[in-house]
Amino acid sequence: MEMLKRRAGFDATHVPYRGGPAAMQDLLAGTLDSVLIDCATGLPFLRDGKARALLVLSEARSAQAPEVPTALELGIGRAVAFGWQAMSAPAGTPQPVIARLNQEMRAAIAAHAMQARMRDLGIESAPWSPAEFNDFVLRENAVWRPLIRELGIRLDS
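Residues numbered from 1 in each chain as written. Predicted model: local features only at pLDDT ≥ 70, side-chain atom pairs only at ≥ 80, totals over all residues. Heavy atoms only, no water.

### Topic: the overall build of the protein chain
Put simply, the rule is: The helix and strand labels rest on DSSP assignments: H or I over at least four residues marks a helix, E over at least two residues marks a strand, and numbering proceeds from the N terminus. Burial classes: relative accessible area under 20% of the type maximum marks a residue as buried, over 50% as exposed, and values in between as partly exposed (1.4 Å probe, protein chains only). For this analysis, residues touch if any pair of their heavy atoms sits within 4.5 Å. All accessible-area figures derive from a Shrake-Rupley calculation using a 1.4 Å probe, and residue coverage is judged against the displayed protein chains alone. Positive charges are assigned to Lys and Arg, negative charges to Asp and Glu, while His and the chain termini are left out of the count. Taken as the charge centre is NZ of Lys, CZ of Arg, CG of Asp or CD of Glu, depending on the residue.
A tally of helices and strands in the protein chain yields 6 helices and 0 strands. Each of the 157 residues in the protein chain was classed as buried or not, and the buried ones make up 21%. Partitioning the contacts of the protein chain with sequence separation of at least 6, the portion at a separation of at least 24 is 40%. Within the structure as shown, the protein chain displays about 11400 Å² of accessible surface, and the carbon and sulfur contribution to it stands at 55%. Distance between charge centroids for the protein chain: 3 Å, based on 17 positive and 17 negative side chains.

Here it is as structure tokens:
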């Protein structure tokens, strides 16, 4: 949200929540004016007509909500944010172990049932090699670290 606020030029107050469902409940109750939420949490509320999406922060429209424009389409430049998850291993893990973990994880994610479930939740997958993932993390760090430092953002414990 901090990135979107800066790129779109609006002000909003951060309200910390212990997860998306709690934030969505307060949105529905009228306690909040807006939330920035992941697709898996937000889509059920959109499908039920309980909430309205204003934009998505992806490079392309969501297949699960194709009527919702991207921030880029609305003229908010460089407003792309990925909510991503990955499996990592300790530094020094032998390369054959890394390769096997990657192979098994890619096979599990490629399974028809898994792809169907992810599609229903609006989750996209990227079957990257470990090197491709490491490159992605470097690019993400280059985008987010300056903003995090500038704003003094710290993890809440």
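### Structural notes on a nonpolar patch on the surface
The condition that has to hold: Like charges within 9 Å and nonpolar side chains (Val, Leu, Ile, Met, Phe, Trp, Tyr) within 5 Å are joined into patches, using only residues over 30% in relative accessible area that form no salt bridge. Here, a salt bridge means any side-chain nitrogen of Lys or Arg that lies within 4 Å of a carboxyl oxygen of Asp or Glu.
Nonpolar side chains collect at one region of the surface, where M87, V97, L101 and M105 lie side by side and expose about 310 Å² of accessible area between them. Among the secondary structure elements, V97 is positioned in helix α4 (residues 95-110). Since its relative accessible area comes to 39%, V97 is described here as partly exposed.

### Things to note about the packing of aromatic side chains
Operational definition: Working definition: a ring pair exists when centres of Phe, Tyr or Trp rings (six-membered ring for Trp) sit within 6.5 Å. Plane angles under 30 degrees give stacked, over 60 give edge-to-face, the rest tilted.
Applying the stated criterion across every chain yields a total of 4 aromatic pairs. Between W84 and F133, the aromatic rings sit 5.6 Å apart at their centres with planes inclined by 75°, giving edge-to-face as the arrangement. Note that W84 is positioned in the loop between α3 (39-47) and α4 and F133 in helix α6 (residues 130-151), a separation of 49 residues in sequence. Judged by relative accessible area, which is 38%, W84 ranks as partly exposed. For F133, a relative accessible area of 16% corresponds to the buried category. With a centroid separation of 4.9 Å and 45° between ring planes, the pair formed by W128 and F136 is classed as tilted. Exposure remark for W128: the relative accessible area of 30% places this residue in the partly exposed category. A residue is classified by how much of its surface remains accessible, and F136, at 7% relative accessible area, is buried. Grouping aromatic residues by their ring pairs yields a cluster made of F82, W84, W128, F133 and F136.

### Here we look at the environment of P96
Relative to the assigned elements, P96 resides in helix α4. Here the alpha-carbon distance between P96 and N141, two residues 45 residues apart in the chain, equals 27 Å.

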